[in-house]
Amino acid sequence: MTLSIKGIAASRGIAIGHAYKLERGRPEVAEACIHKNDINNEILRLKLALEKEKKQLRNIRNKIPAATPSNIAEFIDTHLLMLNDSALSEAPIRIIKENCCTAEWALKLQLDALVSIFDEMDDQYLKTRRDDVIHVVSRILRLLTGEEASVYDDTGILNNKIIIADDLTPADIVLMQHHGVIGFITESGGPLSHAAIISRSLKLPAIVGVHQAKKYLINNDHIIIDGESGTVLIAPDINTEIFYRHEQKRLQQYYASLSSLKKEPAVSLDNINIHLFANAELTEDMNSVNENNVDGIGLYRTEFLFMNRENTPDEEEQYQALLNIITAMNGKPVTIRTLDLGADKPLKSIQYGENPANPALGLRAIRLCLSTPDLFRPQLRAILRASAKGNVRIMIPMLSNIQEVSQVFEIIKDIKQELSQEGLDYDDRIPVGGMIEVPAAAISAYLFAKHLDFLSIGTNDLIQYTLAIDRIDEEVNYLYSPCHPSVLRLIHQVIKAGNRAGIPVAMCGEMAGDPIYTRLLLGLGLREFSMQINTVQEVKNIVNNSLVHRLVRPARSILMCDHAEDALEKIKNLNNQIHLQ
Ligand code: PEP
Ligand code: MG
């Protein structure tokens, strides 16, 4: 009999194979004392394990496929930085010397100390860092005990397996994919957890938050995972398996057919041009952006230039980084978002106020920039100077108040004068737009539309702020729903406000790149979508197979749904109306 268990759909696709349980929560370590004469030996063991882990992580980083979004490399870089931090590279050595204990025990004591510090913090972002520390230390412990090697060294053991684990690190996922793993099930995590993001980027089917998966599954169980519905089927009967194999083949053919779309424009069956833009973070993203033939960059996240370093980049460094992007885009528009630091993207070198209780509601994004001219002015100078060399647009994040727009305009005016006096070029007509990601801004979008040159809907934050759900809090992310009636209505309101004012409205949150919502958004009037590069062709395929004018009525009827579940059901019906895949 087929048994099915449910989790949270994290990465679409179907995997059929045998289960491999990764029995490794936090490795158990027993207290073990050593003789004084062995202290140097233990220190050496620890240093070798740290070096080996660094080497492995660097290797993993090199194995990340070129077309993968840069956020994957960012996760790995964070772990590499942690390995170099004195909390891991020096403190355990001190503990070995002081306590005459093994490297494993010293690491365990240090991990417990670090975790208890993190546990005392309320900040959700720091909580994810706590998990990072646990991941990193657990990997070193496994290297010391030889446990890690057994999984990866036994060639073939992971081939065609579906991994069942408590949780997985970004490094685990990249490495396991290279060892032939075809899918993942984790007991913890949500749709925005690291494991989910990485699996989506690598196009590996994954289901997260499957409580007690390790209890229900045993090694070598024959299973199917459906990453679209979040279902795990254990010991499927023959008919079920035939059905899923057929589905799997159809999906594989569908994905393969998408690459032929790269050269095609995005035009609906009723001849409406749709603009597809890429979200980008680093210069390295540019190759795959160009390969996918997009209309430009709809969101360039400048904060990545500031992260993972001690100091802040000066105007010249920012200018050079922007030039790289602008040159690579060769005349296509590049929308540069001004710094969105704070909350889930804090910087060591910046003060965000006295321990804010709610960083996401605090000094973040444009609020932080307006209160820190030393941060904001060099960035605006760099953007304005770069605007002389290409097609540049400025985009302001997290607007909630029209005065913020006036203040930014004043500063831009001032900087333009400054640059003119210095004899430096800039585009005097540089478009300035704003991100609509706070309900207040969405409700008063008509006001923002009067003053700005374009709007872009940041659904990641708009959903978080509308539904009062911290986007990285695992306890509540089951409530995170793009289909909530309030979210859909706000999106519609913003599009209408932009249309009335005659300015373009784009969407640059994750929702824009999720093909489930493409038809709905077209029906609601959206004409510009900005997304992770690896979803562009899939969204284009839907655009090119849709009659936009026929989507308007069903989209409006979806707005009338009482529940997110009903809305999602109707969206799926809309997507099935003309068979796309
Ligand atoms: C958003 O909030 O939708 C967005 C694109 O910004 P970020 O995810 O960088 O906060
Ligand atoms: Mg945002």
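As the structure is a prediction and not an experimental result, all values here were calculated from the model.

### Here's the deal with the overall build of the protein chain
Thought 1: Along the backbone of the protein chain there are 24 helices and 16 strands.
Thought 2: Taken over C-alpha atoms, the radius of gyration comes to 25 Å for the protein chain, in line with the 25 Å a tight globule of 581 residues would show.
Thought 3: Here the C-alpha coordinates of the protein chain stretch approximately 75 × 65 × 40 Å along the principal axes.
Thought 4: A fraction of 70% describes how many contacts in the protein chain between residues 6 or more apart in sequence connect residues 24 or more apart.
Thought 5: Within the protein chain, the 74 negative side-chain charges are centred at a point lying 5 Å from the centre of the 61 positive side-chain charges.

### Description of the pattern of salt bridges
Side chains that differ in sign of charge can pair as their charged atoms come close.
Thought 1: Under the definition given, this model contains 24 salt bridges.
Thought 2: Arginine 337 is paired through a salt bridge with aspartate 340; the nearest N and O atoms lie 3.4 Å apart.
Thought 3: When the shortest N-O distance is used, the salt bridge between arginine 364 and aspartate 340 registers 3.2 Å. Within this pair, whereas arginine 364 is found in the loop between β11 (334-337) and α14 (365-371), its partner aspartate 340 is found in the loop between β11 and α14, the two being separated by 24 residues in sequence.
Thought 4: Several salt bridges converge on common partners, so that one network encompasses Glu315, Glu316, Arg377, Arg381, Arg385, Asp414, Glu418 and Glu422.

### Here's the deal with the packing of helix α15 (residues 373-387) against helix α16 (residues 402-421)
Each packed pair of helices is defined by two parameters, the angle between the axes and the distance between the axes.
Thought 1: Packing of α15 against α16 brings their axes to within 10 Å, and their N-to-C directions diverge by 60°. For the element pair α15 and α16, the recorded crossing hand is right-handed. Residue-level contacts link Phe376, Arg377, Leu380, Arg381, Leu384 and Arg385 of α15 to Val408, Ile411, Ile412, Asp414, Ile415, Lys416, Glu418 and Leu419 of α16.
Thought 2: For the contact of α15 with α16, the residue count by class is eight nonpolar, no polar and six charged.

### Remarks on the sheet that holds strand β1 (residues 3-6)
Thought 1: With mixed pairing, the eight strands of this open sheet are ordered in space as β1-β8-β7-β3-β4-β5-β6-β2. Both edges of this open sheet fall to β1 and β2 (8-11), since each of them pairs with a single strand only. On average, adjacent strands in this sheet sit at an angle of 30° to one another, irrespective of strand direction.
Thought 2: Note: strand β3 (residues 14-21) against strand β4 (residues 161-165), four bridges, orientation parallel. Within the sheet, the bridge partner assigned to lysine 21 lies in β4 and is isoleucine 164.
Thought 3: On top of the sheet, helix α11 (residues 238-258) reaches β3, β7 (222-226) and β8 (231-234); it is set at about 115° to β3, its chief contact.

### Details of the coordination of the magnesium ion (ligand 2)
Thought 1: Glu437 (OE) and Asp461 (OD) make up the full set of protein donors to the magnesium ion (ligand 2), lying at 2.0 to 2.3 Å. Of this pair, glutamate 437 sits in the loop between β13 (432-436) and α17 (439-443) while aspartate 461 sits in helix α19 (residues 459-467), placing them 24 residues apart in sequence. Taken individually, glutamate 437 and aspartate 461 each receive the classification buried, so the pair is uniform in this respect.

### A closer look at helix α22 (residues 536-544)
Thought 1: For α22, the tally of buried residues reaches nine of nine residues, placing the bulk of the element in the interior.
Thought 2: Close packing links the buried residues of α22 with α11, β9 (275-280), α21 (518-523) and β16 (528-531).

### Description of the site of ligand 1
Thought 1: In the neighbourhood of ligand 1, 15 residues make up the surrounding shell, with Arg301, Arg337, Gly458, Asn460 and Arg471 lying closest.
Thought 2: In this structure, an oxygen atom belonging to ligand 1 sits 3.4 Å away from a main-chain N or O atom of glycine 458.
Thought 3: Measuring from an oxygen atom of ligand 1, one finds a backbone N or O atom of threonine 459 at 3.1 Å.
Thought 4: Calculation on ligand 1 without its partners gives an accessible area of 290 Å², and the protein chains cover 99% of this total.
Thought 5: Judged by the fraction of its atoms near the pocket grid, ligand 1 is located in the largest cavity.
Thought 6: Listing elements by their share of the shell around ligand 1, those giving two or more residues are β10 (297-301) and α19.
Thought 7: For the shell around ligand 1, the residue count by class is three nonpolar, four polar and eight charged.

### Here's the deal with a negative patch on the surface
Thought 1: Residues Asp562, Glu565, Asp566 and Glu569 make up a contiguous surface patch of negative charge.
Thought 2: You can see glutamate 569 is positioned in helix α24 (residues 564-576).

### Comments concerning unusual backbone geometry
Both trends apply: most residues other than glycine have a negative phi, and most peptide bonds are in trans.
Thought 1: Phi at asparagine 330 takes a positive value of approximately 50°, unusual for a residue other than glycine.
Thought 2: Position of asparagine 330 among the secondary structure elements: in the loop between α13 (315-329) and β11.
Thought 3: Look at asparagine 330 and you get exposed, because its relative accessible area is 68%.
Thought 4: You will see that alanine 468, though not glycine, has its phi angle at about 55°, which is positive.

Conventions and cut-offs
Residues numbered from 1 in each chain as written. Chains lettered and ligands numbered in written order. Predicted model: local features only at pLDDT ≥ 70, side-chain atom pairs only at ≥ 80, totals over all residues. Heavy atoms only, no water. Helix = DSSP H or I, 4+ residues; strand = E, 2+ residues; numbered from the N terminus. Rg over C-alpha atoms; globule rule 2.2 N^0.38 Å. Contact = heavy atoms within 4.5 Å. Lys, Arg positive; Asp, Glu negative; His and termini not counted. Charge placed at Lys NZ, Arg CZ, Asp CG, Glu CD. Salt bridge = Lys/Arg side-chain N within 4 Å of Asp/Glu carboxyl O. Axes fitted to C-alpha atoms, helices over the stretch in contact; angles between N-to-C directions. Left-handed = near helix turned anticlockwise from the far one by under 90°. Nonpolar A, V, L, I, M, F, W, Y, C, P; charged D, E, K, R; others polar. Pairing = 2+ DSSP bridges. Donors = N, O, S within 2.8 Å, 3.2 Å for Na, K, Ca; no water. Buried < 20%, exposed > 50% of the residue type's maximum accessible area, 1.4 Å probe, protein only. Near = heavy atom within 4 Å. Polar contact = N/O pair within 3.5 Å; in protein donor to acceptor, adjacent residues only side chain to side chain. Areas by Shrake-Rupley, 256 points an atom, 1.4 Å probe, with all protein chains shown as cover. 1 Å grid on protein atoms, 1.4 Å probe; cavity = no way out; pocket = protein on both sides within 12 Å on 5 of 7 lines; lining within 4 Å. Sits in = over half its atoms within 2 Å of the grid points. Patch = residues over 30% accessible without salt bridge, like charges linked within 9 Å, V, L, I, M, F, W, Y side chains within 5 Å.

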